[in-house]
Amino acid sequence: MPLTTEPTPADPPTGTEAAASAPAGAGGDPASVTYWLSHAWLGNHVEPGVTLDVAGGRIAGVRTGVGTPPPGATVLRGLTLPGLANTHSHAFHRALRGGVQVGSGTFWTWRELMYRTASRLTPDTYYDLARATYAEMALAGITSVGEFHYLHHAPGGTPYANPNAMGEALVAAAAEAGIRITLLDTAYLAAGFGEKPGHHQLRFSDTTADAWAERASLLKGDDHALIGAAIHSVRAVPAGQLATVAQWAAERDAPLHVHLSEQIAENEACLAAHGRTPTRLLADHGVLGPRTTGIHNTHLTAEDIELLGSSVTGTCMCPTTERDLADGIGPAVALQRAGSPLSLGSDSHAVIDLFEEARAMELNERLRTHIRGHWTAAALLRAASADGHAALGRPDAGVIEPGAPADLATVALDSVRTAGPVPRLAAEAVVFAASAADVRHTVVAGRHIVRDGHHTRIPDVSTALASAIAALHG
C-alpha cells in the first residue's frame, strides 16, 4: 500500500542490489580451515597454544596445549578473542567525526548537524559510507554490528520504489565489508510528544506503526543479516503505537532496541505528557523483556532500574558517544546488579574502538565513585562480545568453543601499548591499554577478513572513508 501520492524516486542501481543478494558475507560457502592461536581467551583465562578446526563457518573443534602450529594451519599471533559485537551503530554518523567538534553546544545542537548529513544521503552514497564504516569496524575486531536504522525514505518522505532501498544498502555494505549485521529497522513517527514529524524527520517516518510494520515485514534476513526492530524513543513513537512495534518483534522472536532516557529533557517531556518516566511507559505497553535492549539508559530512577533489571531488559552503554555529547554517565553497575545484561556500542562513531568503550565504562564509574575495579577484564570482554551478540539475536556467538560461529579478533601483544605484561595478564593489557589499531586479524565465519592489520576486501579503508564522506559535502 503506497504511503504517499508523490512521485516515487528510482531504486538504487543494480550494483547495490547485486551486493545485497550476495551469499552470506559475500564470500560463498563458509570456510573450512584450521587456525593456530598463540594465545586464546577462553572466557575466564588466557590459554597458550590453541588450535581451532573450522567447518561450515563454525568452530568444529578446540585443542589446547598445541605448542607449535600444525602443518597447514593459519597462524594468529597475539591474544585471540571471540569477535566483538558493536551493539549500537548509526552508520551515517561516521561522516560527522571531527566536523562536530568545533565550538560548544548540547545534544540538541549536535542533532541539527546530524540532520543535515542525513538529508544528503541516497541509497548509493549510504552504501559507500556504510561499507567503509563497517570495514573500519572489521579493522577494530568487530564481527557483528547492530545497525539502528531509521533513514528509510527519500528527502520529503517519499518512499523509494523499493521501500527498503536504504536498509538493503546497509545489509549489502556489511556483506561487502565482511561483517555480520542485525538491521534494527526503526519506527520513528513523530518529532516529539504530540508533534508531527518536522521536515528533518520526514525521511524517517512511515506515518504510523502499522505502516512501519508493513514495510519492515518486507525485509528478509539470513545468517549474515538478521532483521530486528527498534523504537527510536518514547518521544518518536506515540504511546498508543508502542505495542505494535513490540508485537512485530515478538512474533518474529527478533531483537527490539530503544533509545531510553538519554537526555533529562526527554524524561521531563515524558512526565509532562504521560505522568510517568520513559521506562515505566515502555513497561506499561509491553516493550520491556529479555529480547529488548535499552540504549544509553542514562537518567533513570530507582524504579526504572528495577523495572529494567526484573524484566531482564538489556542495557547498551555507548561511553564514547555519551561523553562526546555530554549526555552523562549511566548507572551501569546498578543496572547489572538488578539483572540487566550489559553490552557496548560505538553509536555516533566519535571513535570505533570497543576496547575504549569497555574501559570507559569502568573508568567512568571510577571517576564517579572514587572506587576502582567495578568490572574485571573478563566481565568487560563479555560485554564487548557474548552479551553484545546476544542482544543482536546471536546468543551462540561471542565464545571460543565447539559449535560457536568462527568469529575471532586477534590483538597484538607486542605493540607499544600492549608490550610488557606476562601472557596470563594479556586480557587486562588488552582491555585497559590496547586500541583498535592493535587488532591484527579479524575472522568471520572462518574467513580471514583482516589479515596482519589490513582489510582483505577493501585495500584502503581510509581512502574509502574519505571519498564517501567527501561525496556528501561536494
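Quick caveat, the model's predicted, so the values are computed rather than measured.

## A closer look at the pattern of salt bridges
Close approach of charged atoms lets side chains of opposite charge pair.
Consideration 1: Following the criterion strictly, the structure yields 20 salt bridges and no others.
Consideration 2: A salt bridge links Arg-368 to Glu-365; the shortest N-O distance between them is 2.4 Å. Taken together, the residues Arg-368 and Glu-365, both in helix 12 (residues 354-369) and three residues apart, mark about one turn of the helix.
Consideration 3: The class for Arg-368 is partly exposed, based on a relative accessible area of 40%.
Consideration 4: A relative accessible area of 4% means that Glu-365 is categorised as buried.
Consideration 5: The partner of Asp-438 in a salt bridge is Arg-417, and the shortest N-O contact between them spans 2.8 Å. On the criterion of sequence distance, the pair formed by Asp-438 in the loop between helix 15 (426-433) and strand 14 (439-444) and Arg-417 in the loop between strand 13 (408-411) and helix 15 is long-range, its members being 21 residues apart.
Consideration 6: When its relative accessible area of 0% is taken as the criterion, Asp-438 is described as buried.
Consideration 7: Exposure remark for Arg-417: the relative accessible area of 37% places this residue in the partly exposed category.

## A closer look at the nonpolar core
Consideration 1: Counting 121 residues, the largest nonpolar core has Phe-92, Tyr-134 and Ile-181 as its most contacted members.
Consideration 2: Once residues lying within four places of it in the same chain are set aside, the contact partners of Phe-92 are Met-114, Thr-117, Ala-118, Leu-121, Tyr-126, Leu-129, Tyr-150 and Leu-151.
Consideration 3: Val-50, Leu-52, Leu-76 and Ala-406 belong to the second-largest nonpolar core, a separate cluster that totals 13 residues.

## With respect to the environment of Ala-360
Consideration 1: Summarising the element assignment, Ala-360 is placed in helix 12.
Consideration 2: Filtering out sequence-adjacent residues up to four positions away, Ala-360 remains in contact with Pro-319 and Arg-323.

## Structural notes on the sheet that holds strand 7 (residues 180-187)
Within a sheet, adjacent strands bond to each other through the backbone by hydrogen bonds, running parallel or antiparallel.
Consideration 1: Pairing is parallel across the open sheet formed by eight strands, whose spatial order is 5-6-7-8-9-10-11-12. Each edge of the open sheet is held by one strand with a lone partner, namely strand 5 (84-89) and strand 12 (342-344). When strand polarity is set aside, the average angle formed by the axes of neighbouring strands in this sheet is 25°.
Consideration 2: Bridging between strand 9 (residues 256-260) and strand 10 (residues 292-296) involves five bridges; their strand directions are parallel. By the bridge assignment, His-257 is partnered in strand 10 with Thr-293.
Consideration 3: Relative to the sheet, helix 13 (residues 377-384) contacts strand 5 and strand 12, its axis offset from that of strand 12 by approximately 70°.

## Brief notes about the side chain of Asn-267
Consideration 1: On the secondary structure map, Asn-267 appears in helix 7 (residues 264-274).
Consideration 2: A polar side-chain atom of Asn-267 sits 2.8 Å from a polar atom in the side chain of Ser-261.
Consideration 3: Once residues within four sequence positions are removed from consideration, Asn-267 is found in contact with Ser-261, Pro-278 and His-299.

## Things to note about the packing of helix 3 (residues 123-139) against helix 16 (residues 461-473)
Consideration 1: Contact geometry of helix 3 with helix 16 gives a least axis separation of 9 Å together with a crossing angle of 150°. Taken together, the axes of helix 3 and helix 16 lie roughly antiparallel to each other. Considering the relative orientation of helix 3 and helix 16, their crossing is left-handed. Together, Thr-125, Asp-128, Leu-129, Arg-131, Ala-132, Thr-133, Ala-135, Glu-136 and Leu-139 of helix 3 and Val-461, Ala-464, Leu-465, Ala-468, Ile-469 and Leu-472 of helix 16 make up the contact between the two elements.
Consideration 2: Its residues assigned to classes, the contact of helix 3 with helix 16 shows ten nonpolar, two polar and three charged.

## Describing the pairing of strand 2 (residues 46-55)
Side chains on a regular strand alternate between the two faces of the sheet.
Consideration 1: Within strand 2, seven of the ten residues are buried, which leaves it mostly tucked inside the rest of the structure.
Consideration 2: With antiparallel pairing between neighbouring strands as the criterion, strand 1 (residues 33-41) and strand 2 make up a hairpin whose turn holds four residues, including Gly-43 at a positive phi of roughly 105°.
Consideration 3: Counting the residues in the hairpin turn of strand 2 and strand 3 (residues 58-63) gives two residues, including Gly-56, whose phi is positive at 60°.

## Focus on the sheet that holds strand 2
Consideration 1: Read from one edge of the open sheet, eight strands run 3-2-1-4-13-14-15-16, paired in mixed fashion. Each edge of the sheet is formed by a strand with only one pairing partner; in this case those strands are strand 3 and strand 16 (454-455).
Consideration 2: Examined bridge by bridge, strand 14 and strand 15 (residues 447-451) share three bridges and lie antiparallel to one another. Each bridged residue has a counterpart across the sheet, and for Thr-442 the counterpart in strand 15 is Val-450.
Consideration 3: Against the sheet, helix 15 engages strand 1, strand 2, strand 4 (74-82) and strand 13, with an angle of about 70° to strand 4.

## Comments concerning unusual backbone geometry
Glycine aside, the phi torsion of most residues is negative, and most peptide linkages are trans.
Consideration 1: Unusually for a residue other than glycine, Thr-207 sits at a positive phi of about 80°.
Consideration 2: As for its position among the elements, Thr-207 is in the loop between strand 7 and helix 5 (209-216).
Consideration 3: The backbone of His-296 shows a phi angle near 85°, a positive value even though the residue is not glycine.
Consideration 4: Exposure remark for His-296: the relative accessible area of 1% places this residue in the buried category.

## Description of the confidence of the model for the chain
Consideration 1: Taken over all residues, the pLDDT of the chain has a mean of 92, while the share at 70 or more is 91%.
Consideration 2: With pLDDT under 50 throughout, residues 1-28 is counted as low confidence; its partners more than four residues away or in other chains account for 49 contacts.

## Remarks on the pairing of strand 11 (residues 314-317)
Consideration 1: Of the two faces of strand 11, both are covered, the one formed by Gly-314 and Cys-316 as well as the one formed by Thr-315 and Met-317.
Consideration 2: Note that the unit made of strand 10, helix 9 (residues 302-310) and strand 11 has a crossover that is right-handed.
Consideration 3: Note that strand 11 and strand 12 share three bridges and pair parallel. Bridged to Met-317 within strand 12 is Leu-344.

## Quick word on the packing of helix 12 against helix 15
Consideration 1: Packing of helix 12 against helix 15 brings their axes to within 7 Å, and their N-to-C directions diverge by 80°. On the basis of the axis angle, helix 12 is roughly perpendicular to helix 15. In this structure, helix 12 uses Phe-355, Arg-359, Glu-362 and Arg-366 to contact helix 15, whose residues at the interface are Val-430, Val-431, Phe-432 and Ala-433.

## Focus on the packing of aromatic side chains
Consideration 1: In the structure shown here, the tally under the stated rule is seven aromatic pairs.
Consideration 2: Ring centres of Tyr-150 and Tyr-188 lie 5.4 Å apart, and the angle between their planes is 50°; on these two criteria the pair is classed as tilted. With Tyr-150 in the loop between strand 6 (142-149) and helix 4 (165-177) and Tyr-188 in the loop between strand 7 and helix 5, the pair connects residues that are 38 residues apart, well separated along the chain.
Consideration 3: Looking at Tyr-188, the relative accessible area reads 4%, which means it is buried.
Consideration 4: An aromatic cluster is defined as three or more aromatic residues linked by ring pairs; in this entry it consists of Phe-92, Tyr-115, Tyr-126, Tyr-150, Tyr-188 and Phe-204.

Reading the values: rules and limits
Residues numbered from 1 in each chain as written. Predicted model: local features only at pLDDT ≥ 70, side-chain atom pairs only at ≥ 80, totals over all residues. Heavy atoms only, no water. Salt bridge = Lys/Arg side-chain N within 4 Å of Asp/Glu carboxyl O. Helix = DSSP H or I, 4+ residues; strand = E, 2+ residues; numbered from the N terminus. Buried < 20%, exposed > 50% of the residue type's maximum accessible area, 1.4 Å probe, protein only. Core = buried A, V, L, I, M, F, W, Y, C linked by side-chain atoms within 4.5 Å. Contact = heavy atoms within 4.5 Å. Pairing = 2+ DSSP bridges. Axes fitted to C-alpha atoms, helices over the stretch in contact; angles between N-to-C directions. Polar contact = N/O pair within 3.5 Å; in protein donor to acceptor, adjacent residues only side chain to side chain. Parallel < 35°, antiparallel > 145°, perpendicular 65-115°, else oblique. Left-handed = near helix turned anticlockwise from the far one by under 90°. Nonpolar A, V, L, I, M, F, W, Y, C, P; charged D, E, K, R; others polar. pLDDT = per-residue confidence, 0-100. Right-handed = clockwise from strand over helix to strand, strands pointing away. Phe/Tyr/Trp six-rings, centres within 6.5 Å; stacked < 30°, edge-to-face > 60°.

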